[in-house]
Amino acid sequence: MAHQWRGVIREYSDRLPVSKSTRVVTLGEGGTPLIEAPALSQLVDGEVWVKFEGMNPTGSFKDRGMTMAITAAVEQGAKAVVCASTGNTSASAAAYATQAGLTCAVLVPDGKIAMGKLSQAIAHGATLLQVDGNFDNCLDVARKLSENYPVFLVNSVNPNRIEGQKTGAFEVVDALGDAPDYHLLPVGNAGNITAYWKGYQEYSQPYTNPHPGAVPAGSEPVELPAVATRTPTMWGFQAAGAAPIVLGHPVTEPDTIATAIRIGNPASWEQAEAARDESGGMIDSVTDEEILAAHRWLSAREGVFVEPASAAGVAGLIKHHALGNVPAGKRWVITVTGHGLKDPQWALRNADGSDVEPQRVPFDVVAVAEALGLA
Ligand SMILES: *Cc1c(COP(=O)(O)O)cnc(C)c1O
């Protein structure tokens, strides 16, 4: 068989908590395109790349963590998994649990789940419960459920999720030959910024896996050499209506159109601050208007269609460029976290908020040519 990407566990087995007897649950996640963004590069007079995580099997970066979390759950004898979710975690958990033959329970907040994500969880046969509360309430219940009942929690507080997600940083370095100057991404529950920072750190030092990777062939623990010569400065962006880390206190009623980052009390708050401080970076907020403008920029100028939350990093770059905080001549990588088809309604609005209406034409070649400005 010709070479094909084998999923993040097999591709990076020597840096993940697996052994040669591990049964790997994978849908071929990772290996996502790192795309040069010409319009953004021109804007900032540098080199801007977007890591398009919407190209994962269920359409978001959550799959990187979920392959590891479900693989570990199976290894530990799990029969059922649970997660709280703003949508993408449930889509991913449901898909991977299905492949592993586990039952999957999903707790979603009241009324704020994008249709694409909900339909995925249902299609994969998850038991979906809509909780009267927000995401933070859902996570609280899911945690307590896993502490008191025979069910494994697969939210990003599960360290296996972070392990899997750190492979995003590995792929960036593998593609560019070294770490970029800056890495930007959206921040919700803050698992991903934690994971990227861990990945960049591990790749910039010699590394010995405490669980020697042995997939597919057995091997002894070996010290692996550093792959990157440096780590990037990390810039994370929360939505202005859900910006607890920026404000310095939890937000009890988080509110933003970017539902995937509509989180008022991030589980990995401290780790996100550590990533910020250790990298000399920042965590800032962007408004819904800035997010939608960046969403539109990505689709209309770069050819990359993402869901609104995914555009927060791009919104942050554009915001800080306008503020004069973006030095020229640098290399920037921005993780765009999920696919535009998850939540497509936002593309059907004009910048002024009105609906996009297709122009109607008669069944006539000349009329169509005229409408296209060809005649
Ligand atoms: C989960 C998610 C985020 C937020 O990631 P955290 O790890 O919770 O900070 C951002 N965008 C999308 C599309 C997501 O699914």
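Residues numbered from 1 in each chain as written. Predicted model: local features only at pLDDT ≥ 70, side-chain atom pairs only at ≥ 80, totals over all residues. Heavy atoms only, no water.

Participant: Help me understand the sheet that holds strand β10 (residues 233–239), please; the structure alone is not making it clear to me.
Facilitator: Think of a sheet as strands paired side by side through backbone hydrogen bonds, with each pair either parallel or antiparallel. Reading across the sheet, the six strands line up as β1-β2-β12-β7-β10-β11 and stay open at both edges, with mixed pairing between neighbours. Each of the sheet's edge strands pairs with one partner strand only, and the pair in question is β1 (34–36) and β11 (282–286). Strand-to-strand twist in this sheet, taken as the mean axis angle between neighbours without regard to direction, amounts to 25°. In terms of strand pairing, β1 meets strand β2 (residues 47–52) through three bridges, oriented antiparallel. Its bridge partner lying in β2, Leu34 is registered against Lys51. (Pairing = 2+ DSSP bridges. Helix = DSSP H or I, 4+ residues; strand = E, 2+ residues; numbered from the N terminus. Axes fitted to C-alpha atoms, helices over the stretch in contact; angles between N-to-C directions.)

Participant: How do you make sense of the packing of aromatic side chains when you look at a structure like this?
Facilitator: The geometry of an aromatic ring pair is captured by the separation of the ring centres together with the interplanar angle, meaning the angle of the planes. One pass over the structure, following the stated rule, counts seven aromatic pairs. Each ring, one from Trp5 and one from Tyr12, has its centre 6.4 Å from the other, and the planes form 65°; the classification is edge-to-face. Overall, Trp5 belongs to the partly exposed group, its relative accessible area being 29%. For the cation-ring pair, Arg15 lies above Phe170, with the distance from its terminal atom to the ring centre recorded as 5.6 Å. It is Arg301 that lies over the ring of Trp297; its NZ or CZ is 4.1 Å from the centre. (Phe/Tyr/Trp six-rings, centres within 6.5 Å; stacked < 30°, edge-to-face > 60°. Buried < 20%, exposed > 50% of the residue type's maximum accessible area, 1.4 Å probe, protein only. Lys NZ or Arg CZ within 6 Å of the ring centre and 35° of its normal.)

Participant: Would you mind showing me how to read the site of the ligand here?
Facilitator: Close contacts around the ligand come from 15 residues, with Lys62, Asn88, Gly188, Asn189 and Thr337 the closest. Ala190 has a polar backbone atom sitting 2.8 Å from an oxygen atom of the ligand. Here an oxygen atom of the ligand sits 2.8 Å away from a polar atom, N or O, in the main chain of Asn192. Contact with the protein chains hides 97% of the accessible area of the ligand, taken as 380 Å² for the molecule alone. Its residues assigned to classes, the shell around the ligand comprises five nonpolar, eight polar and two charged. (Near = heavy atom within 4 Å. Polar contact = N/O pair within 3.5 Å; in protein donor to acceptor, adjacent residues only side chain to side chain. Areas by Shrake-Rupley, 256 points an atom, 1.4 Å probe, with all protein chains shown as cover. Nonpolar A, V, L, I, M, F, W, Y, C, P; charged D, E, K, R; others polar.)

Participant: Could you clarify how one ought to interpret the environment of Thr86 in this entry?
Facilitator: Considering the arrangement of structural elements, one finds Thr86 in the loop between β3 (80–84) and α4 (88–100). Note on Thr86: relative accessible area 9%, which makes it buried. Thr86 sits 52 residues away from Cys138 along the chain, and the two C-alpha atoms are 9.4 Å apart. When sequence neighbours within four positions are dropped, the list of residues in contact with Thr86 reads Ile113, Lys117, Phe135, Thr259, Ala260 and Ile263. (Contact = heavy atoms within 4.5 Å.)

Participant: Just checking my understanding: could you explain the state of the cysteines for this structure?
Facilitator: Between two cysteines, a covalent bond joining their sulfur atoms is known as a disulfide. All told, the structure shown has zero disulfides when counted by the stated rule. With no disulfide partner, Cys104 has as its closest neighbouring cysteine sulfur the one in Cys83, 5.2 Å distant. Residue Cys104 is classed as buried on the basis of its relative accessible area of 6%. (Disulfide = S-S within 2.5 Å.)

Participant: Would you mind showing me how to read a nonpolar patch on the surface here?
Facilitator: A cluster of nonpolar side chains, namely Val361, Val368, Leu372 and Leu374, defines an oily patch on the protein surface of about 380 Å² accessible area. Within the secondary structure, Val368 is located in helix α14 (residues 365–371). (Patch = residues over 30% accessible without salt bridge, like charges linked within 9 Å, V, L, I, M, F, W, Y side chains within 5 Å. Salt bridge = Lys/Arg side-chain N within 4 Å of Asp/Glu carboxyl O.)

Participant: So what exactly am I meant to see when it comes to helix α5 (residues 115–123) here?
Facilitator: Structural remark: α-helix, 3.6 residues per turn; residues separated by three or four positions point the same way. Along α5, the positions that sit buried rather than exposed are Lys117, Gln120 and Ala121. Viewed end-on, α5 has its buried residues packed into an arc of 95°, placing them on one side of the element. In α5, the exposed positions angled more than 90 degrees off the buried face are occupied by Met115, Ile122 and Ala123. Buried residues along α5 sit in contact with α4 and β5 (127–131). Phi turns positive one or two residues past the end of α5, at Gly125, with a value near 85°. (Arc of directions from axis to C-beta.)

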